[in-house]
Amino acid sequence: MSSDSANAQPAPGGFLGWLDKRFPVIDTWNEHLAQYYAPKNMGFWAFFGSLALVVLVLQIVTGLFLAMSYKPSATEAFASVEYIMRDVDWGWLIRYMHSTGASFFFILVYLHMFRGLMWGSYKKPRELLWMIGVVIYLAMMATAFFGYLLPWGQMSYWGAQVIVNLFSAVPGIGESLSTWVRGDYVISDATLNRFYAFHFLLPFILVGLVFVHIVALHRVGSTNPDGIEIKKGPKGNKWSDTAPADGIPFHPYYTVKDIMGLVAFAAIFSAVVFFTPDFHHLFLEAPNFQPADPLKTPPHIAPVWYFTPYYAMLRAVPPIAASQFPGVVVMFAAILILFFLPWLDRSPVRSMRYKGILSKIFLAAFAVSFVVLAYLGLQPASELHTLLSQIFTVVYFSFFLLMPIYTKLEKTKPVPERVTT
Ligand code: HEM
């Protein structure tokens, strides 16, 4: 974006002037906010990135306060969470904001990723931006997995036991790998301590990744529901003769819009925190209100809802020679395949608006399969659930694996010159 005077923050005097002479405050503000032109038609679906950013900060702040009273030891962890809930001033609120924040973080990022699938936000020149996003998603899952053990409840303990045991399915090195991850032969105090260390470290890595993510975004610019590159379109708008005609300055227009989104989000978030923090046992599972008991296996073990689509896929693949390794491969493939999306999509157009009916059907089937698998992963294993999981796992993968074919075959609609509002 070439810069010019309109909407630019003038050189300040006083302390800000002194600071700006020594650090590029105003230039950064102008380049990334006041004179960063974003498509003027980025509606509802553009809320989720900035909301995810807010929740990341919320998780770090509430996490820091929890860390001040939490005890990362197998004998004290459960009691320390009880102590936070009952005796620490506003401890219950900080804990519920953190546990609710974890689920909302995934809700926002899943909507953010789905927006990327609808707008074709992974297609050239945004391949790297998308792949950084997938790395963020993996780091979020690792953070949530490590954090899930910390309350040391029954589901924390047995959930971690099941997932870490999956490493032992890796041929040849499995046993030593899972022992290495646990730091012991079973989930124990050693596991809890190292998981706590990772759960503390990873959010700061996430902050770094999100910074890189937004720098990458500002390099290529945002796309929009039409999938049109506004930078390649006509120039000149009321703020600048050189800026894209279909662009508006990010500040104040999208900052005000994002603040409006934040207010609506805060209302929903508060309603859950104050009135239903366990959210029908989806955000906080009932068995996790009992301390971990290595001698008592719960009748049904399931991870938190944001992992269950992959857990359902794991359970859908029958073991071969009593090894769960094929299931582990399918589970990880379901996430890693996201990296290849920019090259699987052979369509000449970006946005679902102008793609053909096949793309729309496969995207809808993909979304349904993800939600159904999430539900199935929460249920106790049964023949029917396994069969349904197998069917929807195939539907999930067909969205990706058949994409090079149906995006090439289908007839697309002409993309307009200018963005539509
Ligand atoms: C901590 C999690 C994340 C945060 C805070 C975040 C933040 C953002 C922000 C602020 C934007 C610009 C506003 C918007 O368009 O929504 C954005 C855009 C984008 N993000 Fe993320 N993001 C996160 C995770 C992800 C993930 C997991 C992916 C994909 C796997 C992803 C892919 C993208 C793409 C492709 C865009 C460009 C969208 C477009 O212009 O079409 N992001 N992100």
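Draft legend 1. Local environment of the packing of helix 12 (residues 325–336) against helix 15 (residues 383–401). Close contact between helix 12 and helix 15 brings their axes to 11 Å; oriented N to C, the two are set at 35°. The hand of the helix 12/helix 15 crossing is left-handed. For the pair formed by helix 12 and helix 15, the contact residues are Val 330, Ala 333 and Ala 334 on the first element and Thr 393, Tyr 396 and Phe 397 on the second. When grouped by side-chain class, the residues that make up the contact of helix 12 with helix 15 number five nonpolar, one polar and no charged.

Draft legend 2. View of the site of the ligand. Around the ligand, the structure places 23 residues, and the nearest of them are His 112, Ser 121, Gly 133, His 213 and Thr 223. Between the ligand and Arg 115 there is a distance of 3.0 Å, counted from an oxygen atom to a side-chain nitrogen or oxygen. Here Thr 223 contributes a backbone N or O atom positioned 2.7 Å from an oxygen atom of the ligand. When each cavity is represented as a set of grid points, the ligand is found to reside in the largest pocket.

Draft legend 3. Representation of the pattern of salt bridges in the model. Applying the stated criterion to the full structure yields eight salt bridges. Here Glu 229 makes a salt bridge to Arg 350, at a shortest N to O gap of 2.9 Å. Placement of Glu 229 in the loop between helix 9 (189–220) and strand 2 (247–249) and of Arg 350 in the loop between helix 13 (341–344) and helix 14 (357–378) is noted, with a sequence separation of 121 residues between them. Per residue, the accessibility class of Glu 229 equals that of Arg 350, and both read buried. The partner of Asp 345 in a salt bridge is Lys 355, with the nearest N and O atoms 2.6 Å apart.

Draft legend 4. Highlighting the layout of surface pockets. In this model, the largest pocket occupies a volume close to 1,200 Å³. Every residue lining the largest pocket is counted, 45 residues in all, and those nearest its centre are Gly 49, Ser 50, His 213, Ile 214 and Leu 217. Going through the elements one at a time, helix 2 (25–34), helix 3 (47–67), helix 5 (91–119), helix 6 (127–149), helix 9 and helix 10 (250–275) are the ones with two or more residues in the lining of the largest pocket. No other element matches the eight residues that helix 9 contributes to the lining of the largest pocket. A per-class count over the lining of the largest pocket returns 29 nonpolar, 13 polar and three charged. Along the wall of the second largest pocket there are 28 residues; nearest its centre are Ala 142, Phe 145, Ile 163, Phe 167 and Phe 332. Only helix 6, helix 7 (154–167), helix 8 (174–182), helix 9, helix 11 (308–316) and helix 12 provide two or more residues apiece to the lining of the second largest pocket. Top element by residues in the lining of the second largest pocket is helix 6. It accounts for seven residues. Looking at the lining of the second largest pocket residue by residue, the classes come out as 26 nonpolar, one polar and one charged.

Draft legend 5. Highlighting a positive patch on the surface. Together, Lys 124, Arg 219, Lys 231 and Lys 232 make up a region of like positive charge exposed at the surface. Structurally, Arg 219 can be placed in helix 9. Residue classification places Arg 219 among the exposed residues on the basis of a relative accessible area of 71%.

Draft legend 6. Layout of the coordination of the iron atom of the ligand. Around the iron atom of the ligand, the protein contributes the donor atoms His 112 (NE2) and His 213 (NE2), at 2.0 Å from the metal centre. In this structure, the iron atom of the ligand is surrounded by six donor atoms whose angles at the metal cover 84 to 178°, and the resulting shape is octahedral. Placement of His 112 in helix 5 and of His 213 in helix 9 is noted, with a sequence separation of 101 residues between them. On the accessibility criterion, His 112 (22% relative accessible area) is partly exposed. For His 213, a relative accessible area of 17% corresponds to the buried category.

Draft legend 7. How the structure looks around the environment of Ala 286. Along the chain, Ala 286 falls in the loop between helix 10 and helix 11. Sequence separation between Ala 286 and Thr 297 is 11 residues; the distance between their C-alpha atoms is 14 Å.

Draft legend 8. Examining a nonpolar patch on the surface more closely. Among the surface-exposed residues, Val 57, Val 61, Leu 64, Phe 65, Met 68, Phe 200 and Phe 204 lie close enough to one another that they form a single nonpolar patch of about 660 Å² accessible area. When residues of the nonpolar patch are traced back to their parent elements, those giving at least two are helix 3 and helix 9. In terms of residue count, helix 3 provides more of the nonpolar patch than any other element does, four residues in total. Position of Leu 64 relative to the elements: it lies in helix 3. Given a relative accessible area of 39%, Leu 64 falls into the partly exposed group.

Reading the values: rules and limits
- Residues numbered from 1 in each chain as written.
- Predicted model: local features only at pLDDT ≥ 70, side-chain atom pairs only at ≥ 80, totals over all residues.
- Heavy atoms only, no water.
- Axes fitted to C-alpha atoms, helices over the stretch in contact; angles between N-to-C directions.
- Helix = DSSP H or I, 4+ residues; strand = E, 2+ residues; numbered from the N terminus.
- Left-handed = near helix turned anticlockwise from the far one by under 90°.
- Contact = heavy atoms within 4.5 Å.
- Nonpolar A, V, L, I, M, F, W, Y, C, P; charged D, E, K, R; others polar.
- Near = heavy atom within 4 Å.
- Polar contact = N/O pair within 3.5 Å; in protein donor to acceptor, adjacent residues only side chain to side chain.
- 1 Å grid on protein atoms, 1.4 Å probe; cavity = no way out; pocket = protein on both sides within 12 Å on 5 of 7 lines; lining within 4 Å.
- Sits in = over half its atoms within 2 Å of the grid points.
- Salt bridge = Lys/Arg side-chain N within 4 Å of Asp/Glu carboxyl O.
- Buried < 20%, exposed > 50% of the residue type's maximum accessible area, 1.4 Å probe, protein only.
- Points joined across faces, edges and corners; volume = space filled by probe spheres on them.
- Patch = residues over 30% accessible without salt bridge, like charges linked within 9 Å, V, L, I, M, F, W, Y side chains within 5 Å.
- Areas by Shrake-Rupley, 256 points an atom, 1.4 Å probe, with all protein chains shown as cover.
- Lys, Arg positive; Asp, Glu negative; His and termini not counted.
- Charge placed at Lys NZ, Arg CZ, Asp CG, Glu CD.
- Donors = N, O, S within 2.8 Å, 3.2 Å for Na, K, Ca; no water.
- Tetrahedral: all angles 85-135°; square planar, octahedral: opposite > 155°, others 65-115°.

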